[in-house]
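Observations on the three-dimensional arrangement
Take a look at the letters that make up each chain.
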Amino acid sequence: MTYSDKSTERLFAAVASMQSPEEVKALFTDLCTIKEIQDMAQRLDTAVLLSQKCSYQKIAAEVGVSTATISRVNRCLTYGEGGYQIALERMEETEKTQ
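Computed from a predicted structure; not experimentally measured. (Residues numbered from 1 in each chain as written. Predicted model: local features only at pLDDT ≥ 70, side-chain atom pairs only at ≥ 80, totals over all residues. Heavy atoms only, no water.)

Thoughts on the packing of helix α3 (residues 34-51) against helix α6 (residues 83-97)
In contact at an axis separation of 11 Å, α3 and α6 are set at 75 degrees when each is read in the N-to-C sense. Comparing the axis directions of α3 and α6 gives the class roughly perpendicular. In this structure, α3 contributes Arg43, Leu44, Ala47, Val48 and Ser51 to the contact, and α6 contributes Tyr84, Leu88 and Met91. (Axes fitted to C-alpha atoms, helices over the stretch in contact; angles between N-to-C directions. Helix = DSSP H or I, 4+ residues; strand = E, 2+ residues; numbered from the N terminus. Parallel < 35°, antiparallel > 145°, perpendicular 65-115°, else oblique. Contact = heavy atoms within 4.5 Å.)

Written out as structure tokens, the structure is:
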């Protein structure tokens, strides 16, 4: 999926301009509802568990998402733009250095 309108490009630039996790948190808190943030966090948790080869049943029980959500995240991991993979790799690098 590609976004190319001015508003979405501005959003992505704003997120990229944040210089710390605290700044990202502040921006997301202002931009999103609590539910939207929780949904995004659950999708990322799902991606982490999928990358660890966990079963859909384990992910559904552990994260509290539907199998439809798990399937969507899995499709993005397999056929998406690579965003999850970049995030997962960088999160792993950060964990190694801490």
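A word on the pattern of salt bridges
If the charged atoms of two oppositely charged side chains come close together, the side chains can form a pair. Tallied over the entire structure, the rule returns two salt bridges. Lys96 serves as the salt-bridge partner of Glu92, at 3.5 Å between the closest nitrogen and oxygen. You can see Glu92 and its partner Lys96 sitting in helix α6, four residues apart, about one turn around the helix. When its relative accessible area of 44% is taken as the criterion, Glu92 is described as partly exposed. By relative accessible area, which is 64% here, Lys96 ends up exposed. (Salt bridge = Lys/Arg side-chain N within 4 Å of Asp/Glu carboxyl O. Buried < 20%, exposed > 50% of the residue type's maximum accessible area, 1.4 Å probe, protein only.)

Concerning the side chain of Thr46
Considering the arrangement of structural elements, one finds Thr46 in helix α3. Overall, Thr46 belongs to the buried group, its relative accessible area being 0%. Beyond its immediate stretch of four places on either side in the chain, Thr46 contacts Ile59, Val63, Val65, Ile70 and Val73.

Let's talk about helix α1 (residues 6-17)
Given a rise of 1.5 Å per residue, twelve residues ought to cover 16 Å, and the 16 Å separating the end C-alpha atoms of α1 matches this to within 8%. Among the residues of α1, the N-terminal cap falls to Asp5, whose side-chain oxygen and the backbone nitrogen of Ser7 are separated by 3.1 Å. (Expected span 1.5 Å × (residues − 1). Polar contact = N/O pair within 3.5 Å; in protein donor to acceptor, adjacent residues only side chain to side chain.)

Some details on the nonpolar core
Counting residues in each nonpolar core, the largest one holds eleven residues, listed as Ala47, Leu49, Leu50, Cys54, Ile59, Val63, Val65, Ile70, Val73, Tyr84 and Leu88. Looking at this core, the elements with two or more residues in it are α3, α4 (56-63), α5 (67-79) and α6. At three residues, the largest contribution of residues to this core is made by α3. When neighbours within four sequence positions are excluded, Tyr84 is seen to be in contact with Arg43, Leu44, Ala47, Val73, Cys76 and Leu77. (Core = buried A, V, L, I, M, F, W, Y, C linked by side-chain atoms within 4.5 Å.)

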